[in-house]
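Below are the chains, spelled out letter by letter.
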Amino acid sequence: MSGFSLKYKLGLIPGTAKIDAKWNKLLGMRDELQELEQSDELARYRELDAELKSAEFRARKKELTQLKFEGSHEQKILSELEHLSRSKSMKQYFKTLSSEKLARFKKIEKGDKLARFNELKEIVTTPEFTKRRKDVEKLHYNNTPEAAKRKEFEALKNDKRLKSYYNTLASDSYRLYMKAEESGEKPSDPNEIKRYEKFLASGEYSNLKTVEKQNLTQRYEELRGEVQSDEFLEREKFLKNSKRYQTTDDYRLLAEYEKLSKDPEIKFYHKFRKSGEYLNYQRVHDSKELERLNELEDLVKDEGFRERVAFLKDKKRYEKSEDFKLEQELAKLKNSELIKKYFALHKARELNFFDKWQVAFDDEFTRDGVNFERWNSGIYPGKEVFGNNYSQADELQCLNGEENLQVHGGILSIVTRKEESKGMRWNPQYGLIPAEFQYTSSMLNTGNSFRIKQGIIEAKIRVNPCAEIVSAFSLKGDGAFPQIDILRSGKNEVSMGVIREIKGEPVWQHQTITGLNFKKFHVYRLEWDGQTLTWKINNAVVHQSKVDSSFDNMFLNLLSSVHEEVHHQNLPHYLEVDWVRCLVPQAGNN
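The present account deals with the structure reproduced in this document. (Residues numbered from 1 in each chain as written. Predicted model: local features only at pLDDT ≥ 70, side-chain atom pairs only at ≥ 80, totals over all residues. Heavy atoms only, no water.)

### Quick look at the packing of helix α3 (residues 40–53) against helix α22 (residues 322–334)
At a minimum axis separation of 10 Å, α3 and α22 run at an interaxial angle of 135°. Comparing their axes, α22 and α3 come out oblique. The handedness of the crossing between α3 and α22 comes out as left-handed. Across the interface between the two elements, Glu41, Arg44, Tyr45, Leu48, Asp49, Glu51 and Leu52 from α3 touch Leu326, Glu327, Glu329, Leu330, Leu333 and Lys334 from α22. (Axes fitted to C-alpha atoms, helices over the stretch in contact; angles between N-to-C directions. Helix = DSSP H or I, 4+ residues; strand = E, 2+ residues; numbered from the N terminus. Parallel < 35°, antiparallel > 145°, perpendicular 65-115°, else oblique. Left-handed = near helix turned anticlockwise from the far one by under 90°. Contact = heavy atoms within 4.5 Å.)

Below, the structure is given as structure tokens:
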């Protein structure tokens, strides 16, 4: 008795219920993990976890927790503002700024009175104005042109020659003279001639010509017109007046200026303007210090600045930050049942299986009928080549396709019956020929849908083996051989192994297993790892073999075939399959 048979008999080999439960649990864990992987909660957890582990977050947290008001930019701003505000000159400036004196000063500065004072000052302080005053004050009438003209006029007025001249002009002798002069003829009357000649020889006539020759009358008239003019008389009066300057426009301007200079408002203005208080006001008013003070005051009044100061002084600033909220949210998520479950599953060693293996083919026959997108009925590739299903030369059954396939309660059954049927049989000499059969059965394969060249191939199968019917779960290629039998039934036994073609003939290399309870399902498993094949029943190793590169790209094949007349007690015969599963290595796993 083999070691497997002994362990099986002693109940040391696990049953299919445990195997199914373990697999279903594993699938459930995988599916739950995949579902959790897609959850919004996990996505948020990962997002937060990545954020909180990032260098940027750590830097922000470090910066925030290490922040202090002392030494901060804001503290320096407030200190600078306090220093400026408390400076003596700045305090005096603001005292002056709000004082009545400055208000009075500015009112005067804007008033007409100061404007007039400044206007007058600009006039009376000029060199020209001063010179004019001096010139007026040092004037003496006798030295003036007016006095000279007056003297000349008076001299001419009292000149005997002019008096004689004017008397001559009024005389009858002068009129007679003028008459003769105008007519160009001497008088005809002897008396008039005598008078005419006497006038020409007179001193009066001689004086007349002298005065006219010297233009004394013209000069006299000119002077008389000038000295009798209002302008001359006004000027002469001004020159003779010892207080003449007081009568000038300049004096009136000077008097107005001197009066304004004694005005209390003007005196206050000039006194305050020269005071240290106002000089300090002026210096500060246009200073960089005041400009900076105003800038700082505007800055510290800003809502954002005040909030920043409060934030820096707040010892619980981090607890009020958005980053802290993220930490709290992550901590809450870490304690959530979903995240705990995720990490428990993520760390589960059982799920490492799926890091190595990928389910490439799985059929649990849960739908009504066979899924013909996965399975083909009949011989492959013969049916595709000849267009008909057919039986091999040594087989007694007709392959009846779907008629002999059943799916009930999640179990696929290939049913072999005793019934007459017509079909085709392969004849090595003639090819396909019509034949009559006494039995019907069926066959399924994945020739068109699925191939495998290494991995795990397993199926949960129940079969009651008899000598006349061969039920098999195999891997086949496009040719007749090579072939891997994962399960092949015989009389009260099953076997597994390979069929190779050597020198054109099939060579069987199989291991036979007896003693199984064929009323139960068993899991028949092949592990194909490179050139090594390992067969297992219910996860217990029963056989191993080596293969070469000709074993490649093989499809699944399920069949029941009749090779002898079948005792009626063995009919109908069922090859029952609960599930078929194939796993291939994940990329990177060999």
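### Brief notes about the nonpolar core
If you look at the biggest cluster of nonpolar residues, it comprises 62 residues, and the most contacted ones within it are Phe105 and Leu351. The residues touching Leu351, leaving out its near neighbours within four places in the chain, are Leu26, Met29, Arg30, Leu33 and Leu345. Tyr8, Ile13, Ala459 and Ile513 belong to the second largest nonpolar core, which has 47 residues in total. (Core = buried A, V, L, I, M, F, W, Y, C linked by side-chain atoms within 4.5 Å. Buried < 20%, exposed > 50% of the residue type's maximum accessible area, 1.4 Å probe, protein only.)

### A few points about helix α23 (residues 337–347)
Each full turn of the α-helix corresponds to 3.6 residues, which orients residues three or four apart in the same direction. Here α23 has its buried residues at Ile339, Tyr342 and Leu345. Looking straight down α23, one finds its buried side chains confined to an arc of 130°; they lie on one side. Projecting away from the buried face of α23 at angles above 90 degrees are the exposed residues Glu337 and Lys347. Looking at the buried positions of α23, the neighbouring elements they touch are α2 (16–37), α3 and α22. (Arc of directions from axis to C-beta.)

### So, the sheet that holds strand β9 (residues 469–476)
The antiparallel open sheet is built from 7 strands, whose spatial order is β2-β7-β16-β9-β10-β11-β12. Each end of this open sheet is capped by a strand with a single partner; those strands are β2 (376–377) and β12 (505–514). Pairing of strand β11 (residues 493–502) with β12, which is carried by 10 bridges, proceeds in the antiparallel orientation. Considered in β12, the bridge of Met496 is made with Gln511. (Pairing = 2+ DSSP bridges.)

### Examining the pairing of strand β17 (residues 573–585)
Burial within β17 is extensive, with 12 of its 13 residues counted as buried. As defined by bridge partners, strand β1 (residues 357–363) adjoins β17 across 6 bridges and the pair is classed as antiparallel. Residue Trp357 lies in a different strand from β17, and its bridge partner there is Pro585. Across 5 bridges, strand β5 (residues 411–427) lies against β17 in antiparallel orientation. Its bridge partner lying in β17, Thr416 is registered against His573. When strand β8 (residues 455–463) meets β17, the two strands line up antiparallel, connected through 8 bridges.

### Re a nonpolar patch on the surface
Among the surface-exposed residues, Leu6, Leu10 and Leu12 lie close enough to one another that they form a single nonpolar patch of about 310 Å² accessible area. Inspection of the secondary structure assignment puts Leu6 in helix α1 (residues 3–9). (Patch = residues over 30% accessible without salt bridge, like charges linked within 9 Å, V, L, I, M, F, W, Y side chains within 5 Å. Areas by Shrake-Rupley, 256 points an atom, 1.4 Å probe, with all protein chains shown as cover. Salt bridge = Lys/Arg side-chain N within 4 Å of Asp/Glu carboxyl O.)

### Observations concerning unusual backbone geometry
For the peptide bond that leads from Phe481 to Pro482, omega is 5°, which places it in the cis range. Summarising the element assignment, Pro482 is placed in the loop between β9 and β10 (483–490). Each neighbour pair has its own omega, and for Leu571 with Pro572 the value is -10°, a cis peptide bond. Secondary-structure assignment places Pro572 in the loop between β16 (555–562) and β17. At Phe365, a position not held by glycine, the phi torsion is positive, near 55°. Tracing the chain through its elements places Phe365 in the loop between β1 and β2. Here Lys503, not a glycine, exhibits a phi torsion of approximately 55°, which is positive. In this structure, Lys503 sits in the loop between β11 and β12.

### Digging into the pattern of salt bridges
Inspection of the entire model under this criterion finds 39 salt bridges. For Lys101, the salt bridge is made with Glu277, and the minimal N-O distance between the two is 2.8 Å. One end of the pair, Lys101, is in helix α7 (residues 100–110); the other, Glu277, is in helix α19 (residues 276–285), with 176 residues separating them in the sequence. The class for Glu277 is buried, based on a relative accessible area of 18%.

So, to be careful, I would describe these as geometric facts and stop short of saying anything about function.
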